[in-house]
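Coordinate inspection notes
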Amino acid sequence: MRITAITDIVVPIASAIANAYIDFSTMTASVVAIHTDVVRDGRPVVGFGFNSNGRYAPQGLLRERFIPRLKDAKAEDVVDDRGILDPFKCWAAMMKNEKPGGHGERSVAVGVLDMALWDAVAKAEGVPLWRLLANRYNNGQADKTAWVYAAGGYYYPQKDIEGLQDEMKYYLDLGYSTVKMKIGGVPLKDDLKRIEAALKVVGGKGENLCVDVNGRYDLDEALACGDAIAPYGLKWYEEPLDPLDYLLHAALATRYRGPLATGENLFSMQDARNLIRHGGLRADRDWLQFDPALSYGLVEYMRTLDMLRMHGWSPRRCVPHGGHQFALNIAVGLGLGGNESYPQVFAPFGGFADACKVVDSRVPMPDVPGIGFEAKNALYAVMKGMLG
Ligand code: MG
C-alpha cells in the first residue's frame, strides 16, 4: 500500500455563534485526502481527514512540513508486516526533526493527516474503523452504541432565554437526553437565570445538563460559580479555568464536589499527563475531553489512554471534544465514555452518519468501511470534490 498523492483544501465552518472566549465567524478547517494505490470495489482507496472546530485550518504547517514528510517517506518505512500503511510509522515520519514540547498547532496538522491515514487503513481492510480498533486493540470488544450529548447553548446575538429553551427542546426532540450550554460570557447572575431556564427543559434534572465556561474564569470566579451551581447537581462543570493552569484546577477541585470536565485544549500526551499529575482531578467522577483530531491524532490518543490507565483512570472517563465521526469510532471501538455532538453548528463536519439516529442519547455506527464519511452526504459532498 503506497501513498500516491496527498491533497488539501481549506473550507469555512463559520457559525454565527460565540462562547465566553471567541466567536466563530471566521473559523476554517483543513480537509486532506490521502490517495493510495490499493483498489477496493474498483476504485483506489482514498482516506479523508479534517481538523475539528476551535482551531483554524493549519494549511501552512501541512504544506510546508507534514505533507512533504509523509509523501517523501520511503514506502517500506511506513507500512506494517503485511504491507498496509502503519499510522504509527507514518506518525514518526511526519514528526521527524520536530523538537519535543511546545506543541502549538502542529498537533492539529498531524491530527488531520492521522485521521486520513486511519480512514485509508480501515478502507483497505474493508472494515469500519470502530471494528478495526476493537479487533486490534480492544480484544474484539466494540460497544453497540455510543453515549452522545448535544452541545450548544451558545451566546447567539440577541438570543434570549426563550431562544435557549427552544434550542434545548430541539435537542431533546432529536433524541438527546443530555445537553450542554455555554456560560461565563455574561455576569454570573444572568448565567444562573439561563441555567435555571435550561434545567426546566430537561425536567429539572441536573444530571442532564452540562455547563461550559471555555476557560474564561479566574479562580475567584470559578469558585463563586461552583458554589452557585453546586445545588443543581449538574452532569459536569466544563473548562472553568485556563486549560493549562493545573494548580487552579486542583484548588477548585478541593471545593467543588460535582464532576469537572476539561482537556479539549491540551494537545499532547505530555500535556494530558501534566493535567492528571497536577490538576487534582478525580478518577471517580471527572471527565477528560482530549480531542484526537486536534492533538496529533489517534496514534497520540492511544498513548494518552495508556498514560491514563497507568494513573488509574478508565477510558470510560474520556468523552472527546469535537462532535466528529473520528472520535465516535474511537469511543465505540476503544470503550470510551462517549462523544460530543453538535446537532446545529459546525456543519457539515459535526454530526454522524445520516441514517444513524440518536435514541436515548445513544447513537449506533454505520457498517461501512473507514470512518464512515461516505454515510454522511453533506460532508462527503465536500470530500468527493477532492477526488479529481
Ligand atoms: Mg468545551
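For clarity, every value in this text was computed on a predicted model and none was experimentally measured.

**So, the overall build of the protein chain**
- On a plain count of helices and strands, the protein chain comes out with 12 helices and 11 strands.
- The C-alpha atoms of the protein chain give a radius of gyration of 20 Å, which matches the 21 Å a tight globule of 388 residues would have.
- Summarising its shape, the C-alpha atoms of the protein chain cover approximately 60 × 40 × 40 Å along the three principal directions.
- Expressed as a percentage of the 388 residues in the protein chain, the buried residues total 59%.
- Pairs at least 24 residues apart make up 71% of the contacts formed inside the protein chain by residues separated by at least 6 positions.
- Accessible area of the protein chain: about 15400 Å², with a carbon and sulfur share of 51%.
- Across the protein chain, the 43 positively charged side chains and the 47 negatively charged ones have centroids separated by 3 Å.

**Description of helix α4 (residues 129-137)**
- The set of residues buried in α4 consists of Leu129, Trp130, Leu132, Leu133 and Ala134.
- Tucked inside the fold, the buried residues of α4 contact α3 (106-125), α10 (297-310) and α11 (325-334).

**Description of the pattern of salt bridges**
- Scanning all chains against the criterion turns up 24 salt bridges.
- For glutamate 374, the salt bridge identified is with lysine 123, shortest N-O distance 2.7 Å. Linking glutamate 374 in the loop between β11 (362-364) and α12 (377-384) with lysine 123 in helix α3, this pair joins segments that are 251 residues apart in sequence.
- Glutamate 374 gets classed as partly exposed once you look at its relative accessible area, which sits at 32%.
- Residue class for lysine 123 comes out buried when judged on its relative accessible area of 10%.
- Between aspartate 286 and arginine 282 there is a salt bridge whose closest N-O contact spans 2.9 Å. Just as aspartate 286 is buried, arginine 282 falls in that class too.
- Three or more residues joined by partner-sharing salt bridges are found here, namely Lys180, Lys182, Asp212, Glu238 and Glu340.

**Details of empty space enclosed by the protein**
- Applying the stated criterion across every chain yields a total of two cavities of 30 Å³ or more.
- Here the largest cavity defines a volume of roughly 50 Å³.
- At the level of elements, α9 (269-278) and α10 are the ones that each hand at least two residues to the lining of the largest cavity.
- Counting residues per element, the lining of the largest cavity draws most heavily on α10, at three residues.
- The residue inventory of the lining of the largest cavity, partitioned by class, reads six nonpolar, three polar and one charged.
- Computed from the structure, the second largest cavity encloses a volume of approximately 40 Å³.
- Lining the second largest cavity we find Ile13, Asn51, Ser52, Asn53, Gly322, Phe346, Phe349 and Gly350.
- Its residues placed into classes, the lining of the second largest cavity shows three nonpolar, five polar and no charged.

**Comments concerning the domain arrangement of the protein chain**
- Looking at the assigned domains, one finds that the protein chain contains domain 1 (3-125) and domain 2 (136-386).
- Contact residues are listed per partner, giving 45 residues for domain 1 and 50 residues for domain 2.
- Between domain 1 and domain 2, the buried area comes to about 3900 Å², and carbon and sulfur atoms account for 68% of it.
- Inspection of the region where domain 1 meets domain 2 yields two salt bridges.
- Our enumeration of links across domain 1 and domain 2 arrives at 15 residue pairs in polar contact (both at pLDDT 80 or more).
- With 14 residues, α3 is the largest single contributor of residues to the side of domain 1 that touches domain 2.

**Points about the coordination of the magnesium ion**
- In this structure, Asp212 (OD), Glu238 (OE) and Glu264 (OE) serve as the protein donors to the magnesium ion, at separations of 2.0 to 2.2 Å.
- In the primary sequence, the donor residues of the magnesium ion line up as D-x25-E-x25-E. Linking glutamate 238 in strand β7 (residues 236-238) with glutamate 264 in the loop between β8 (260-262) and α9, this pair joins segments that are 26 residues apart in sequence.
- By relative accessible area, which is 8% here, glutamate 264 ends up buried.

**Structural notes on the layout of surface pockets**
- Computed from the structure, the largest pocket encloses a volume of approximately 580 Å³.
- Lining the largest pocket are 29 residues, with Gly54, Arg55, Glu239, Pro243 and Asn265 positioned closest to its centre.
- Tallied by class, the residues present in the lining of the largest pocket amount to 11 nonpolar, 10 polar and eight charged.
- Taken domain by domain, the lining of the largest pocket gets at least three of its residues from each of domain 1 (3-125) and domain 2 (136-386).
- The space that makes up the second largest pocket amounts to roughly 470 Å³.
- Lining the second largest pocket we find 15 residues, and of these Arg40, Arg43, Pro44, Lys123 and Glu374 sit closest to its centre.
- In terms of residue count, strand β3 (residues 43-50) provides more of the lining of the second largest pocket than any other element does, five residues in total.
- Of the residues contributing to the lining of the second largest pocket, the split by class is eight nonpolar, two polar and five charged.
- Two domains share the lining of the second largest pocket, each providing at least three of its residues, namely domain 1 (3-125) and domain 2 (136-386).

**Focus: the packing of helix α8 (residues 246-255) against α9**
- Their axes nearest at 9 Å, the elements α8 and α9 cross at an angle of 35°. Crossing of α8 against α9: the hand is right-handed. Judged by residue contacts, Tyr246, Leu247 and Ala250 of α8 engage Asp271, Asn274, Leu275 and His278 from α9.
- Of the residues assigned to the contact of α8 with α9, the class counts are four nonpolar, two polar and one charged.

Cut-offs applied
Residues numbered from 1 in each chain as written. Predicted model: local features only at pLDDT ≥ 70, side-chain atom pairs only at ≥ 80, totals over all residues. Heavy atoms only, no water. Helix = DSSP H or I, 4+ residues; strand = E, 2+ residues; numbered from the N terminus. Rg over C-alpha atoms; globule rule 2.2 N^0.38 Å. Buried < 20%, exposed > 50% of the residue type's maximum accessible area, 1.4 Å probe, protein only. Contact = heavy atoms within 4.5 Å. Areas by Shrake-Rupley, 256 points an atom, 1.4 Å probe, with all protein chains shown as cover. Lys, Arg positive; Asp, Glu negative; His and termini not counted. Charge placed at Lys NZ, Arg CZ, Asp CG, Glu CD. Salt bridge = Lys/Arg side-chain N within 4 Å of Asp/Glu carboxyl O. 1 Å grid on protein atoms, 1.4 Å probe; cavity = no way out; pocket = protein on both sides within 12 Å on 5 of 7 lines; lining within 4 Å. Points joined across faces, edges and corners; volume = space filled by probe spheres on them. Nonpolar A, V, L, I, M, F, W, Y, C, P; charged D, E, K, R; others polar. Domains from an automatic or database assignment. Buried area = accessible area lost by both parts, 1.4 Å probe. Polar contact = N/O pair within 3.5 Å; in protein donor to acceptor, adjacent residues only side chain to side chain. Donors = N, O, S within 2.8 Å, 3.2 Å for Na, K, Ca; no water. Axes fitted to C-alpha atoms, helices over the stretch in contact; angles between N-to-C directions. Left-handed = near helix turned anticlockwise from the far one by under 90°.

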